[in-house]
Amino acid sequence: MSRIQAVFAELAAQGKKALIPFVTAGDPAPAITVPLLHRLVDAGANIIELGVPFSDPMADGPVIQKASERALANGIGMREVLGFVREFRKTNTYTPVVLMGYLNPVERMGYAAFAAAAAEAGVDGVLTVDAPPEEGEPLWAALHQAGLDPIFLLAPTTPQQRVENVARHASGFVYYVSLKGVTGARHLDLGEVADKLPEIRRQSGLPVGVGFGIRDAETAAAVGRIADAVVIGSRIVQEIEANPSAGAIEPIYQLLHGIRQALDAVSNEEKA
Amino acid sequence: MQMYDLPDEKGHFGQFGGVFVGETLMEALTELRDQYEKYRGDAEFQDEFRHELKHYVGRPSPIYYAKRWSDELGGAQIYLKREDLNHTGAHKVNNCIGQALLARRLGKQRVIAETGAGQHGVATATVAARYGLECVVYMGAEDVRRQASNVYRMKLLGATVVPVESGSRTLKDALNEAMRDWVTNVESTFYIIGTAAGPHPYPMMVRDFQAVIGEEAKWQMMELAGRQPDSVIACVGGGSNAIGIFYPYLNEPGVRLVGVEAAGLGLASGRHAAPLNAGTVGVLHGNRTYLMQDDNGQIIETHSISAGLDYPGVGPEHSYLKDSGQAQYAAVTDQEALQAFHNLCHYEGIIPALESSHALAYAAKVAPTMDKDNVLLVNLSGRGDKDMATVAELSGIQF
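Overview of the structure. Values in this document were obtained by computation on a predicted structure and should not be read as measured data.

What follows is about the overall build of chain A. For chain A, the count of helices and strands is 12 helices and 9 strands. Its C-alpha atoms give chain A a radius of gyration of 17 Å, near enough to 19 Å, the size a compact globule of 272 residues would have. Residues classed as buried in chain A amount to 62% of the 272 residues present. Expressed as a percentage of contacts within chain A between residues at least 6 apart in sequence, the contacts between residues at least 24 apart total 74%. Accessible area of chain A: about 9500 Å², with a carbon and sulfur share of 52%.

And the structure:
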C-alpha cells in the first residue's frame, strides 16, 4: 500500500478528512522550506503538496505565480526541490509528499530519470498541471514504474467520458478543481462540487480532494462535508507574501490549525 | 512524393504540437477542434471567410518586384509579398477574421487575445469591432511601453488593453495571462490566438487561415515572374506569417523555404529569440516545440529589437519542418534587421515592420551570392509605422 493510500485508509477508519496544504519549494527562502513542511504536519496536514517552481505557471493566479518567481530567484530547480523532500524524510516517514507543477521541468530532466530521483528522495505522487491523459501516458508509465502515484485534475468542465478516462490512469487520489479559474480565485460553487463528486468517486474508486478557491476554515468545513480531502494553497502562500521570512511559519501554523479544527468538527458532527 | 498532411488527429506534427493544457481547458479545446473540423470543410464558412478577406482586408495583397533594391544588392531578384498593405497593416488580420467567424458560429460574444508588437491585438480589436464582439487584449507592460501607438489604436477600436506586469512583461507573459482569462471565462469567451502556436487545434487553424498568403503567392508569381521563386523567406517569431506562406509551397518541388529568427545581439550572446537555431525541445503554452530554456526547464528571457519576434517558443509545425529538413531556419541580428529596414525605406519607399525586416535582412545577405536569374520571395508581413518610435530612439531622436 502506498503512503497516500495508507493515509486515506487510516483517515477513513477514523471518519476524518484529509487536509492538504500547498507551498512552493524554496519560497521565500530555501532554508525555510523544510522547517515549514514539518510545521504544516504539526498543524494537522495529512499530505503535503510541494510546488515545483516554473517560470510560466499558466494555471496559477498571481499569488502562486509570485511564489514561483521568489523561488526561482533563489535558484530553485528540480534537484533542489527533491533535496528538500529528502531532508524532510529524515524525520518524517509517514506524511506523503505530492509534487505539483508543470511538465517542462520534468520533461527537461527526462521522465525516467525524474521518476527514479523523485522516488529515491521520498516523493509519493506527482501532479503535472499541463499534462492531460491525452499526452501524459509516457509520464504516467514512468511514474508507475517508480512506484509513484500520478495525481490527476478534474474540472467542472470535464465531461463524463473524460472522467472515465482519467479514472483509468489515476491512483492515490483525484484532485477536483472546484472552480473555473486559476488557483486562488474566489467564487467557489459548493452546490456544483456536491453534484459532481459522487460520480467521480464512483468512477475512480479513489478519494477526491477539492481545491482552488478555499480560503478559510468555514469554506474548508463546507467542502469537508462533501469531499475526502481539502486542498489549501494560495491562502497559505499569501502569508508568505505578506511576510517573506521565517516569521511566516507561525501564522501559517495558526491558519492551518484553525482549518484542521473546523474539519474535525465536521467529522465529529457526522459521527454524532 | 508523399503529400504533406500534418498534423495528425491529436494535433501532432511528429513529436511536436499536441494539447498540453490544464484539465479546465480540455473540453473547450475538444469542442473547438470538432467545430473547426466541421467548418474547415464547410463551403458557406469558407465563402464568408474569402468574402471578408477580399472586401474587408483588401486581398489579394500584391506581389511587388523590388527592382531598385535588388539591383543595388547585385544578385537575385527580390519579390515582396505585400501583407503590409492589408487592412490593419499586417498579415495578422487574416487569422483574426477566420477565428472571429468561428467565434460567432460557436455563439461566443467575448473574444480575448495576447499581443506582442500590438499587431495581433490591433487586428483582433478591429475584427471585434467589425462583428460587434467584446474584446480584451493582454499585452506585456514592457510591450505597452514600446508600442504606445498600437495601444491607443486598440482603445480607439473599443478594446480593453490589459498591461501584464508578471514575468518578463512581454509576449509570453501576455499569453499566460490570456490563458488564465480563458480558463476563468471559458464558456463565454473565444481565445483568438495570434500565432501558429498554442494547443491543438490552434497551430493548424492559424496556419489554414494564413495559408491564403502562399496560395495567392503561387499564382501571383506565375503571373508576375513566370516562375516560382528559388526561395521563400519569412520571419519567424511564433511563425504565423511564415507558415502561411510556406504551407502551400510544401508540396512544390524546387522551392527552398527559409524561416528567419531573431538573433538579437547575436546567437553567441545568449540575448536572442531564436529557439530553432539555439534552443532545445520542451513544452510551453500548450504544445511541444523548440524553446529557449535553461537546464532546469525554466523558460529564459528572450531579446529582440522587434516585439513581435520576442518569444521563447515557436509554432510546433516549424519545429517539425526544421527536423524533417523541409524548411531551413536562419537568424539575423538586431543590427542586420535595422539595416534592412533602412534600406527598404531608402530604395523602395516601403517602411517595413521590424519583424519583417529580419526576413529582408536574410534576403539581403544571400541575394548578392546568387545569380541575377534567381528569384527570392520575401513575405513582407507588416508595415513599420508602429516601429517609428523604436527606430527613432535608436537613432537618438525623440518625438
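Another point: the interface of chain B and chain A. Taken together, the contact between chain B and chain A spans 35 residues of the former and 38 residues of the latter. Between chain B and chain A lies a buried interface of about 3100 Å² when both sides are counted; carbon and sulfur atoms form 47% of it. Summed over the three residues of chain B that lose the most area to chain A, namely E23, R180 and Q298 of chain B, the buried surface amounts to 23% of that side. Taken together, chain B and chain A are joined by 4 salt bridges. Note that K172 of chain B and D56 of chain A form a salt bridge whose closest N and O atoms lie 3.0 Å from each other. For the interface between chain B and chain A, the tally reads 19 residue pairs in polar contact (both at pLDDT 80 or more).

Between D27 of chain A and P28 of chain A the backbone carries a cis peptide bond, its omega angle lying at 5°. Take P28 of chain A: it is sitting in the loop between β1 (18-24) and α2 (30-42). Omega for the peptide link from R59 of chain B to P60 of chain B comes to 0°, which places this bond in the cis form. Position of P60 of chain B among the secondary structure elements: in the loop between α2 (43-57) and β3 (63-65). Even without glycine at this site, F212 of chain A takes up a positive phi of about 75°. Among the secondary structure elements, F212 of chain A is positioned in the loop between β8 (208-211) and α10 (217-224). Phi is positive for T88 of chain B, close to 80°, though the residue is something other than glycine. For T88 of chain B, a relative accessible area of 18% corresponds to the buried category.

Let us now look at the environment of P150 of chain A. Checked against the element boundaries, P150 of chain A lands in strand β5 (residues 149-150). Setting aside its immediate chain neighbours within four residues, P150 of chain A contacts V126, W140, L143, H144, H169, A170 and S171 of chain A.

This part is about the packing of helix α7 (residues 133-145) of chain A against helix α8 (residues 160-169) of chain A. Residue and element names in this part refer to chain A. Taken N-terminus to C-terminus, the directions of α7 and α8 make an angle of 15°; their axes are 11 Å apart at the nearest point. Classified by the angle between their axes, α7 and α8 sit roughly parallel to one another. At the point where α7 passes α8, the crossing takes the right-handed sense. Between α7 and α8, the residues in contact are P133, E134, E137, W140 and H144 and R162, N165, V166 and H169, respectively.

Residues and elements named next belong to chain A. The alternating pattern of strand β4 (residues 125-128) places G125 and L127 on one face and V126 and T128 on the opposite face, and all of these are buried. With 4 bridges joining them, strand β3 (residues 97-101) and β4 adopt parallel strand pairing. Across the sheet, the residue bridging to G101 is T128, located in β4. Bridge analysis of β4 against β5 gives 2 bridges, and the strand direction is parallel. Within β5, the position partnered with V126 by the bridge is P150. Where the polypeptide runs from β4 across α7 and back to β5, its parallel neighbour, the crossover connection is right-handed.

Turning our attention to the packing of aromatic side chains. All names here are of chain B. For the structure on display, the rule yields 15 aromatic pairs over all chains. Ring centres 5.8 Å apart and planes at 75° place the aromatic pair Y36 and F209 in the edge-to-face group. Placement of the pair is Y36 in helix α1 (residues 23-40) and F209 in helix α9 (residues 202-210), with a sequence separation of 173 residues. Note on accessibility: Y36 and F209 belong to one class, buried.

It is worth spelling out the sheet that holds β3 of chain A at this point. Residues and elements named next belong to chain A. Reading across from one edge, β5-β4-β3-β2-β1-β9-β8-β7-β6 is the order of the 9 strands in this open sheet, with parallel pairing throughout. Since the sheet does not close on itself, it has two edges, and those belong to β5 and β6 (152-154), each with one partner. Strands in contact with helix α4 (residues 78-89) are β2 (48-51) and β3; relative to β3, the strand with the most contacts, it is inclined by about 165°.

This brings us to the side chain of N92 of chain A. All names here are of chain A. With respect to the helices and strands, the residue N92 is situated in the loop between α4 and β3. At a separation of 2.8 Å, a polar atom in the side chain of N92 contacts the main-chain amide nitrogen of T95. Other than its neighbours up to four places away in sequence, N92 contacts H38 and V41.

A few words on a nonpolar patch on the surface. Judged by side-chain polarity, I351, M388, I397 and F399 of chain B come together as a nonpolar surface patch covering roughly 420 Å² of accessible area. The residue F399 of chain B is located in the segment after α16 (388-394) in this model.

Another point: the pattern of salt bridges. Residues and elements named next belong to chain B. Evaluation of the coordinates by the stated rule reveals 44 salt bridges over all chains. As a salt-bridge pair, R82 and D84 come within 2.8 Å of each other at their nearest N and O atoms. Neither R82 nor D84 differs from the other in exposure class; each is buried. Notably, a salt bridge pairs R180 with E177, separated by 2.7 Å at the nearest N-O pair. Of this pair, R180 and E177 both sit in helix α8 (residues 171-184), 3 residues apart, which is roughly one turn of that helix.

All names here are of chain A. Put simply, α10 and helix α12 (residues 249-271) touch, their axes get as near as 8 Å, and they point 35° apart. Crossing geometry of α10 relative to α12 is assigned as right-handed. For the pair α10 and α12, the contacting residues are A217, A220, A221 and G224 in the first and G258, I259, A262, L263 and V266 in the second. Per-class residue counts for the contact of α10 with α12 are 7 nonpolar, 2 polar and no charged.

Neighbouring strands of a sheet are bound in pairs by backbone hydrogen bonds; such pairs are parallel or else antiparallel. Residues and elements named next belong to chain B. With antiparallel pairing, the 4 strands of this open sheet are ordered in space as β1-β2-β12-β11. At either margin of the open sheet sits one strand with a lone partner, and together these are β1 (12-13) and β11 (280-284). Pairing between strand β2 (residues 16-20) and strand β12 (residues 286-291): 2 bridges, direction antiparallel. By the bridge assignment for β12, F20 is matched with G286.

For the rest of this paragraph, the subject is the environment of I193 of chain B. All names here are of chain B. Mapped onto the secondary structure, I193 falls in the loop between β8 (189-191) and α9. Judged by relative accessible area, I193 falls into the buried class, the value being 1%. For the pair formed by I193 and H120, sequence separation is 73 residues and the distance between their alpha carbons is 8.6 Å. Beyond its immediate sequence surroundings of up to four residues, I193 is in contact with N95, Q99, E114, H120, G198, P199, Y202 and V206.

Conventions we followed
- Residues numbered from 1 in each chain as written.
- Chains lettered and ligands numbered in written order.
- Predicted model: local features only at pLDDT ≥ 70, side-chain atom pairs only at ≥ 80, totals over all residues.
- Heavy atoms only, no water.
- Helix = DSSP H or I, 4+ residues; strand = E, 2+ residues; numbered from the N terminus.
- Rg over C-alpha atoms; globule rule 2.2 N^0.38 Å.
- Buried < 20%, exposed > 50% of the residue type's maximum accessible area, 1.4 Å probe, protein only.
- Contact = heavy atoms within 4.5 Å.
- Areas by Shrake-Rupley, 256 points an atom, 1.4 Å probe, with all protein chains shown as cover.
- Buried area = accessible area lost by both parts, 1.4 Å probe.
- Salt bridge = Lys/Arg side-chain N within 4 Å of Asp/Glu carboxyl O.
- Polar contact = N/O pair within 3.5 Å; in protein donor to acceptor, adjacent residues only side chain to side chain.
- Axes fitted to C-alpha atoms, helices over the stretch in contact; angles between N-to-C directions.
- Parallel < 35°, antiparallel > 145°, perpendicular 65-115°, else oblique.
- Left-handed = near helix turned anticlockwise from the far one by under 90°.
- Pairing = 2+ DSSP bridges.
- Right-handed = clockwise from strand over helix to strand, strands pointing away.
- Phe/Tyr/Trp six-rings, centres within 6.5 Å; stacked < 30°, edge-to-face > 60°.
- Patch = residues over 30% accessible without salt bridge, like charges linked within 9 Å, V, L, I, M, F, W, Y side chains within 5 Å.
- Nonpolar A, V, L, I, M, F, W, Y, C, P; charged D, E, K, R; others polar.

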